[in-house]
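Each chain is listed here by its residues.
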Number of protein chains: 2
Amino acid sequence: MHRSIRLLIAYDGSGYRGWQRQRQGEPTIQKELEIQLSDLCRQPVTLHGAGRTDAGVHALGMVAHFHTTTAIPLAAFSKGLNALLPKDIRILGAEEAPLDFHSRFSALGKTYRYDFFTGPVQLPANRLYQAHYPGSFVPEQLGPALAALVGTHDFSSFERSGSRDKMASEGRGAVRMLTRVSCIPVLDRADHWSIRFTGDGFLRQMVRILAGTLIEIGQGQRQAEEIPAMLAAQDRTAAGHTAPACGLFLEEIQYAPPIFCP
Amino acid sequence: MHRSIRLLIAYDGSGYRGWQRQRQGEPTIQKELEIQLSDLCRQPVTLHGAGRTDAGVHALGMVAHFHTTTAIPLAAFSKGLNALLPKDIRILGAEEAPLDFHSRFSALGKTYRYDFFTGPVQLPANRLYQAHYPGSFVPEQLGPALAALVGTHDFSSFERSGSRDKMASEGRGAVRMLTRVSCIPVLDRADHWSIRFTGDGFLRQMVRILAGTLIEIGQGQRQAEEIPAMLAAQDRTAAGHTAPACGLFLEEIQYAPPIFCP
C-alpha cells in the first residue's frame, strides 16, 4: 500500500536552526520529525514542508507531507508522534492525502504573523515570542504603506541580499503577490501588535524585512509614502532593517480544496 | 546616606532553581539580582524578597528590597539594571522605600495564579507557562470547593510533607487565611483556565497542591464536597497531587499603603 500522509505542525523555533534539514547535524524541525517518522514507519521517511522557516522562527500551522508504505493507523502520526516528539514540536493533525498532493507545490498561499511589543519593559515569558521595539507606535501611520504593499510587485528590495533561492523562485524572479497586509493590536493588551501578511509566496526574510520597515514607519523613522520608491529600487538597501526571527510565526498555508477542516 | 530601595520584578522561572540563593552555586533569581546590584552599588547587596518561589515557578509581581549607601539615581535600578540582567528577569519598577519597609514582613497578602490547559494538544510556546491536563474540565464543579477553601483553615494537608519552614510559619503553624479563590477561563481561548488564590500567606507548595486538587475536581476524579474532610485530616495524603511548577505565577504582593502605583 502506497500512502501519502500530511501533517499540520506547530513548533517553537527557539531551539532549532530552522525547518530545513542541515548537513552539519544541527537540530532542525524537519530532521527531528524525520527521525521519529522513520522510526514509526520502520522505513526511511522524507518529509516535504510547505516552506522553510529560519532559525528562531515559529509555526502555528506548518503543513508537510510524506509518502510511506506502512499500514499503521493514522492516529500514530498525531497522538503517537506527539508522545515521541519534544514538547516544542506538536502535531495538530494528520490526514491521508491524495497521492498527487504536495505540501509546497499545491499551496495557494501562506499567512505569516509578526508580533512585537512597544512598551518599555517586555515580560520575560514573551521574550522568545515577540520582538521588542520600545517607543511610541502609531498604527494609523501605516495605512498608505499597507495599501502600497498589497498587490503584485517585485519584492527584491525586501529579500535578503545575495540569497535568491533559485528553486523557490520558480521562474518568477522576485515577483510575489500580497493579498492582505494588516496591523492590529493584540486583544486586550496594551502595546502588543501583530502584522499579518498573506500572499502567494515569500522571498527569503521577506516578512522580517517588511515587518522591520513597517515598524520603522509606525515609530516615525520612515514615511509610509516611501514604499513605492522602495519597491521600485529593487535594492535591499532601499528598505528597512530585518526584524528579529523571534517575532515571526507561520500561521497558515492555504490549499484548495481546504485541508485539516474540523 | 542610608537608603532602602524596593523593586517590582517579573521573571521566567524556567531556567532557575527558584528565587532563593543556594549554597551550591546553582542559578537562582535572587543570586542573579544580587550580583548585578552589588556591581551597580559597588558594595555587597543583600536582597530581601517578599517570598520564595520554587524551581520553574514564574513571577509577574515579585517585590524585593535592599539597603544601600550608594547615591546613584533610582533609574539605575530599573532601566540600568534591565540593561545588565538576562531577559528572563525584568525590573518593572524601582522606588525609594521607608527604611522600616520590609518586603516580606510588611506584606498583607499575596496573589498567585495557576494556569492550565485542558485541550488535547498544547501549543509549543505555552509549554513552559501552563500545565497540560488533557480532558474534559467543568469549572462549575469547583463551586463548593472554592467556597470551602476561602477563610481561615489549617492547611497542613496542602503543604509539602516534611517541609514546614519554621521561620515562615511565624508561630501560626499551618493556619492561613485565603480571602479569594476563583477559577476563570482565559479570555477568548478555548480550554485555557486560570485559578487565582489570594491569601495572607502560603505554605510550601500550597498553591500547587490546591491547584492539583481543584483540577482533579474539575475533571471529575474527586468531589468538591471532599474539601472539608481534606482540611480536617491535616495530612498531605488526604489532598490531591502537586500540580507542576510551570503553571504557577506569583502575580501580586499586597501592602498598605499600596506600592508601585502608577
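Notes on the structure follow. (Residues numbered from 1 in each chain as written. Chains lettered and ligands numbered in written order. Predicted model: local features only at pLDDT ≥ 70, side-chain atom pairs only at ≥ 80, totals over all residues. Heavy atoms only, no water.)

1. Here we look at the nonpolar core
Right, on to step 1. One finds B:Leu7, B:Ile9, B:Leu33 and B:Leu214 to be the most contacted residues of the largest nonpolar core, which totals 71 residues.
Right, on to step 2. Of the residues forming this core, the biggest block, eight residues, is contributed by helix H5 (residues 206-218) of chain B.
Right, on to step 3. Setting aside anything within four residues of it in sequence, one finds B:Ile9 in contact with B:Trp19, B:Leu33, B:Ala59, B:Leu60, B:Gly61, B:Met62, B:Ala64, B:Ile89, B:Arg90 and B:Ile91.
Right, on to step 4. Membership of the second largest hydrophobic core comes to 70 residues, among which are A:Ile9, A:Trp19, A:Ile29 and A:Ala245. (Core = buried A, V, L, I, M, F, W, Y, C linked by side-chain atoms within 4.5 Å. Buried < 20%, exposed > 50% of the residue type's maximum accessible area, 1.4 Å probe, protein only. Helix = DSSP H or I, 4+ residues; strand = E, 2+ residues; numbered from the N terminus. Contact = heavy atoms within 4.5 Å.)

2. So, the interface of chain A and chain B
Right, on to step 1. Counting residues at the interface gives 20 residues for chain A and 20 residues for chain B.
Right, on to step 2. Interface area for chain A against chain B, summed over the two sides, is near 1,600 Å², with a carbon-plus-sulfur share of 74%.
Right, on to step 3. Among the residues chain A hides against chain B, the three largest losses belong to A:Val121, A:Pro124 and A:Arg127. Together they make up 31% of the total.
Right, on to step 4. Run the count over chain A and chain B and you get two salt bridges. (Buried area = accessible area lost by both parts, 1.4 Å probe. Salt bridge = Lys/Arg side-chain N within 4 Å of Asp/Glu carboxyl O.)

3. What about the environment of B:Ile215?
All names here are of chain B.
Right, on to step 1. Tracing the backbone shows Ile215 in helix H5.
Right, on to step 2. As for Ile215 and Phe137, which are separated by 78 residues in sequence, their C-alpha atoms are 7.7 Å apart.
Right, on to step 3. If near-sequence neighbours (up to four positions away) are discounted, Ile215 is found in contact with Tyr114, Phe116, Tyr133, Phe137 and Ile195.

4. Focus on the pattern of salt bridges
Right, on to step 1. Using the criterion set out here, one finds 26 salt bridges over all chains in the structure.
Right, on to step 2. Of the charged contacts in the structure, one is a salt bridge between B:Asp54 and B:Arg204, with a shortest N-O distance of 3.2 Å. On the criterion of sequence distance, the pair formed by B:Asp54 in the loop between strand S2 (48-49) and strand S3 (58-68) and B:Arg204 in the loop between strand S9 (192-199) and H5 is long-range, its members being 150 residues apart.
Right, on to step 3. Judged by its relative accessible area of 17%, B:Asp54 is buried.
Right, on to step 4. Close ionic contact of B:Asp200 with B:Arg172 constitutes a salt bridge, the shortest N to O distance being 3.5 Å. Of the two residues, B:Asp200 is situated in the loop between S9 and H5 and B:Arg172 in the loop between helix H4 (166-169) and strand S8 (175-185); the sequence distance between them amounts to 28 residues.
Right, on to step 5. Each of A:Arg113, A:Asp115, A:Arg196 and A:Glu251 takes part in one network of salt bridges that share partners.

5. A short note on the relation of the copies chain A and chain B
Right, on to step 1. Least-squares fitting of chain A to chain B yields an RMSD of 0.0 Å, with the superposition described by an axial translation of 0.0 Å and a rotation of 180°. Between the two chains, the operation in question is that of a two-fold axis.
Right, on to step 2. When the interface residues of chain A are mapped onto chain B, 100% of them again lie at the interface, so the same face is used by both copies. (Least-squares fit on C-alpha atoms with pLDDT ≥ 70 in both.)

6. Some thoughts on the packing of aromatic side chains
Right, on to step 1. If you walk through the whole model with that rule in mind, you get 16 aromatic pairs over all chains.
Right, on to step 2. Seen in terms of ring centroids, A:Phe116 and A:Tyr133 are 6.3 Å apart; in terms of plane orientation they differ by 90°. Their pairing is edge-to-face. On the criterion of sequence distance, the pair formed by A:Phe116 in strand S5 (residues 109-117) and A:Tyr133 in the loop between strand S6 (131-132) and helix H3 (143-149) is long-range, its members being 17 residues apart. Each member of the pair, A:Phe116 together with A:Tyr133, is buried.
Right, on to step 3. Judged by centre distance (5.1 Å) and plane angle (80°), the ring pair of B:Phe116 and B:Phe137 falls under edge-to-face. Taken as a pair, B:Phe116 in strand S5 (residues 109-117) and B:Phe137 in the loop between strand S6 (131-132) and helix H3 (143-149) lie far apart in primary sequence, 21 residues in all. Of the two residues, B:Phe116 and B:Phe137, neither departs from the other in class, the shared state being buried.
Right, on to step 4. Taken together, A:Phe116, A:Tyr133, A:Phe137 and A:Trp193 form an aromatic cluster joined through their ring pairs.
Right, on to step 5. When the ring centre of A:Phe249 is taken as origin, the NZ or CZ atom of A:Arg113, which lies over that ring, is 4.8 Å away.
Right, on to step 6. Lying over the aromatic face of B:Phe101, B:Arg6 brings its terminal NZ or CZ to 4.7 Å of the ring centre. (Phe/Tyr/Trp six-rings, centres within 6.5 Å; stacked < 30°, edge-to-face > 60°. Lys NZ or Arg CZ within 6 Å of the ring centre and 35° of its normal.)

7. Observations regarding helix H5 (residues 206-218) of chain A
Right, on to step 1. Compared with an ideal rise of 1.5 Å per residue, which puts 13 residues at 18 Å, H5(A) spans 18 Å between its outermost C-alpha atoms and is within 8% of the ideal.
Right, on to step 2. The buried fraction of H5(A) amounts to 13 of the 13 residues, a majority that puts the element mostly inside the structure. (Expected span 1.5 Å × (residues − 1).)

8. Details of the environment of A:Phe117
Residue and element names in this part refer to chain A.
Right, on to step 1. Tracing the backbone through its elements, the reader meets Phe117 in strand S5.
Right, on to step 2. The buried category is assigned to Phe117, whose relative accessible area is 7%.
Right, on to step 3. Put simply, Phe117 and Ala131 are 14 residues apart on the chain and 6.2 Å apart in space, counted from C-alpha to C-alpha.
Right, on to step 4. Apart from the residues within four sequence positions on either side, Phe117 is in contact with Gln122, Gln130, Ala131, His132, Tyr133, Pro134, Ala190, Asp191 and His192.

9. Side note on the pairing of S8(B)
Residues and elements named next belong to chain B.
Right, on to step 1. Pairing between strand S7 (residues 151-154) and S8: four bridges, direction antiparallel. Note on S8: the bridge partner recorded for Thr152 is Met177.
Right, on to step 2. The pairing of S8 with S9 spans seven bridges and is antiparallel. Bridged to Ser182 within S9 is Arg196.
Right, on to step 3. Hairpin connection from S8 to S9: six residues lie between these consecutive antiparallel strands, with Asp188 at a positive phi of about 75°. (Pairing = 2+ DSSP bridges.)

10. Quick notes on the environment of B:Lys79
Right, on to step 1. Checked against the element boundaries, B:Lys79 lands in helix H2 (residues 79-84).
Right, on to step 2. In this structure, the C-alpha to C-alpha distance between B:Lys79 and B:Gly93, residues 14 residues apart in sequence, is 9.0 Å.

11. Comments concerning unusual backbone geometry
Right, on to step 1. For the peptide bond that leads from A:Ala256 to A:Pro257, omega is -5°, which places it in the cis range.
Right, on to step 2. Its location among the elements puts A:Pro257 in the segment after strand S10 (248-254).
Right, on to step 3. Residue B:Asp191 is not a glycine yet carries a positive backbone phi of 70°.
Right, on to step 4. The class of B:Asp191 is partly exposed, set by a relative accessible area of 35%.

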